[in-house]
Structures are given as C-alpha cells and as structure tokens.
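Analysis of the macromolecular model
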Amino acid sequence: MTQGADILALVVASVTPLTPAIKAFVLRPANGGELPPFAPGAHLSVSVQVAQSSGQRAYSLVRPHDGSSSYEIAVLHEPEGSGGSAWMHGLVPGAVLAAHPPRNDFALHEGALPPLLVAGGIGITPLLCMARALAAEGQAFDFFYATRSEEATAYLADVRALGGTVVHDGGDPARGLDLRALLAAPQSGRHLHVCGPRGMVQAVVDTARAQGWPENHVHFELFAGALAEAGDTAFEVRTLRSGKTLAVAPGQSLLDVLIAAGLDPMYDCRQGDCGVCVVDVVEGVPDHRDHNLSPREKAGGKTLCTCVSRAKTPHLVLDI
C-alpha cells in the first residue's frame, strides 16, 4: 500500500462528474490492505504533475472514515490555476496516485450546542464530511451552502438530504447568505465552521467577529492564500543573499513581493500546504499562517512559508 515512508499508493477506482467543473474521485489502496483512518475535516496531500514537475495539492475527504478501504475527494478544475486540477481531471480509473496520509488542520469542534456549518463552492467538501459524520451519530447541526447556480452545485442532493439550506447567488454576494442574520446570536458552546472562496470566508469570519463570536469558536479553511487579520500591518524584508530590502503591504503576500523583485523564489500551492516555498529566517519573528510547518517548527521561528505567512516584527531577514 505504501510507496516509500508515509506515502500511500492509491488507485483511482472511479471518476464521477458532479458539475461541469467538478469531478469526484474514489481512491483505493493500490496494493490492497487498509487505509489510515481520519476525522472529519481532514485532507489528502496528493502528488500532481505540473509543468513537467511534481507538486502537492490538498483535497478534502468528502466521506467520513467508516472502516472501508476507500477515500473520496472532489476536485474543481481551475483553468487559471497552475495545472494541478487539470492534471487531476485528466485521470481515469486505474490511474495510480501518491499521497501523504490524511492530515487534519480543520477539525470538527463539537460543543454543548449544534455546530454551524457554512460552505461556499468547492468548500463543501470538508463540511459535507462533517455533516455526514454528525448525522451518522444522531447529532444536531445547522448547515448552509452558497453557490453560483444549481448547475454549479456539487453534492446538492446530499446537502438537501442532510437538511442543509442551499442558496444560489448568481455570483453576487448580496443575493447570497444573510450573514448578519445567520451569525446574529453567538452562544458559548456553538462552533462555526466555514470553508470556501477567500472572499466568502473573509466575509463570514469578519461578520462573526463583529457579531461577538469568540475567536476560539470560529474555525475556517481556505483553498488558496490566507485571510487578512485585524492588525495586519506593513513590514520590511531584507533578502540576505540578494541584498534587497523590500516592503510588504497589508493585503499583499510576501511571495508576490519576492516574485515582483525578480528573486525567482520556489513555490507551488500558494495556500500554505506543500512547503515548497519555505525559507530560513535569520532575524525577526514570523507570523505563521500555513498548514505545513509543525507546531515545534513554528515555535522555533527559524523558517516560514512565504506564500501565506507574514511578520510579527517590523523587519524580517530571510536567507534568500
């Protein structure tokens, strides 16, 4: 079943179009045996082929672990992306993939009150897994799902069968979920989970904070970039080997600044998952926002992921 230490060899058992742009993939162990268990919210980090090289892409697991020897993921084809989703969409049954075992950076938090699940677009995948797990346990939850149109809605029947509310906004957030009403009554023991496009997740998190939701009751996952956070400020970066001093503005990624300066940094996923963009920190304190570095590495402050992380100090010196 494995392909090297801690790498799973998986065979594509089936490919099912869910929408014109989204396909579901059922994966089984290529050499038989059992697959590692996981909790709702977990993802697989899959090796994909991009521009004659390999990279890592994270895809949330859609069905809770039930002891069977299969995983299900769903992939949105992004024509303007770096090619990972196009490569995935080209796979057919029988193809073999390499993936790291499931990892969970977006765990389901259950409190005294039913959790609130909010999905946007392809962000449905981890939340559908959570909803299915809660339903199987007989636990109550509230489930909301926003998409552009019925045609673009993956797992529509599944969400409705679980009692979820589906809203089609036609691409206009003003016609979508009424976030102020949805988040108007924060209560201790009620946890909010949200996943979807960056703008939608930012709006949900900002509204929850404005409505008084405790920070430790608001949980989110992004498929690209990092959320802006209150207090984000500009910082300065000195690149040790190139001798350049660069300014990173609020809302601007460190990676984009390095690229604009002509430094040709290494990167791949742009969402803090793969670790390709990790660089050494010589001076300053990083503000880690990735899912790749371990808690110990983050506490050490000696490396950071340039695609999503920022600085807690006015200056950083990087070995680049």
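Predicted model, so just to flag it, every value in this text is computed and none were measured.

Criteria and thresholds
- Residues numbered from 1 in each chain as written.
- Predicted model: local features only at pLDDT ≥ 70, side-chain atom pairs only at ≥ 80, totals over all residues.
- Heavy atoms only, no water.
- Helix = DSSP H or I, 4+ residues; strand = E, 2+ residues; numbered from the N terminus.
- Buried < 20%, exposed > 50% of the residue type's maximum accessible area, 1.4 Å probe, protein only.
- Contact = heavy atoms within 4.5 Å.
- Salt bridge = Lys/Arg side-chain N within 4 Å of Asp/Glu carboxyl O.
- Pairing = 2+ DSSP bridges.
- Axes fitted to C-alpha atoms, helices over the stretch in contact; angles between N-to-C directions.
- Expected span 1.5 Å × (residues − 1).

Its place among the elements puts Ser69 in the loop between strand S4 (53-60) and strand S5 (71-76). On the basis of relative accessibility, which here comes to 25%, the residue Ser69 falls in the partly exposed class. Here the alpha-carbon distance between Ser69 and Arg28, two residues 41 residues apart in the chain, equals 6.0 Å. Filtering out sequence-adjacent residues up to four positions away, Ser69 remains in contact with Leu27, Arg28, Pro29, Gly33 and Leu35.

Before going further, it helps to examine the pattern of salt bridges. Counted by the stated rule, this structure contains eight salt bridges. Arg103 is the salt-bridge partner of Asp105, the closest N and O atoms lying 3.3 Å from each other. The exposure class assigned to Asp105 is partly exposed, which follows from its relative accessible area of 29%. Owing to a relative accessible area of 32%, Arg103 belongs among the partly exposed residues under this scheme. The residue Asp319 makes a salt bridge to Arg241 at a minimum N-O spacing of 3.1 Å. A residue pair is termed long-range when its members are at least 10 positions apart, and Asp319 in the segment after strand S18 (315-318) and Arg241 in the loop between strand S12 (235-239) and strand S13 (244-248) qualify at 78 residues. Looking at Asp319, the relative accessible area reads 27%, which means it is partly exposed. Three or more residues joined by partner-sharing salt bridges are found here, namely Asp232, Asp287 and Arg289.

Turning our attention to the sheet that holds S13. Pairing is mixed in the open sheet, where five strands are placed in the order S13-S12-S18-S14-S16. The open sheet has two edge strands with one neighbour each: S13 and strand S16 (303-305). Sheet twist, expressed as the mean angle between neighbouring strand axes with direction ignored, is 40 degrees. Here five bridges tie S12 to S13, and the two strands are oriented antiparallel to one another. Across the sheet, Arg238 pairs through a bridge with Thr245, a residue of S13.

Take the sheet that holds strand S8 (residues 142-147) next. Pairing is parallel across the open sheet formed by five strands, whose spatial order is S9-S8-S7-S10-S11. At either end of the open sheet lies a strand with only one pairing partner, and these are strand S9 (165-168) and strand S11 (218-222). Ignoring which end each strand starts from, the neighbouring axes of this sheet average 15 degrees apart. As judged from the five bridges shared by strand S10 (residues 192-196) and S11, these two strands associate in the parallel manner. Opposite Val194, over in S11, you have Phe220 as the bridge partner. Contacts between helix H2 (residues 124-136) and the sheet are confined to strand S7 (116-120), S8, S10 and S11, with S7 contributing the most and set at about 150 degrees to the helix. Set on the sheet, helix H5 (residues 198-210) makes contact with S7, S10 and S11; between it and S10 the angle comes to about 160 degrees.

So, on to H5. For H5, which comprises 13 residues, the first-to-last C-alpha distance of 18 Å matches the rise-based estimate of 18 Å (1.5 Å per residue) to within 8%. Within the sequence span of H5, burial applies to Met200, Val201, Gln202, Val204, Val205, Thr207 and Ala208. Looking at the packing, one finds that the buried side of H5 touches S7, helix H4 (179-182), S10 and S11. Among the residues trailing H5, Gly212 stands out with phi positive, at a value near 95 degrees.

Remember, this is a structural readout, not a statement about activity or role.
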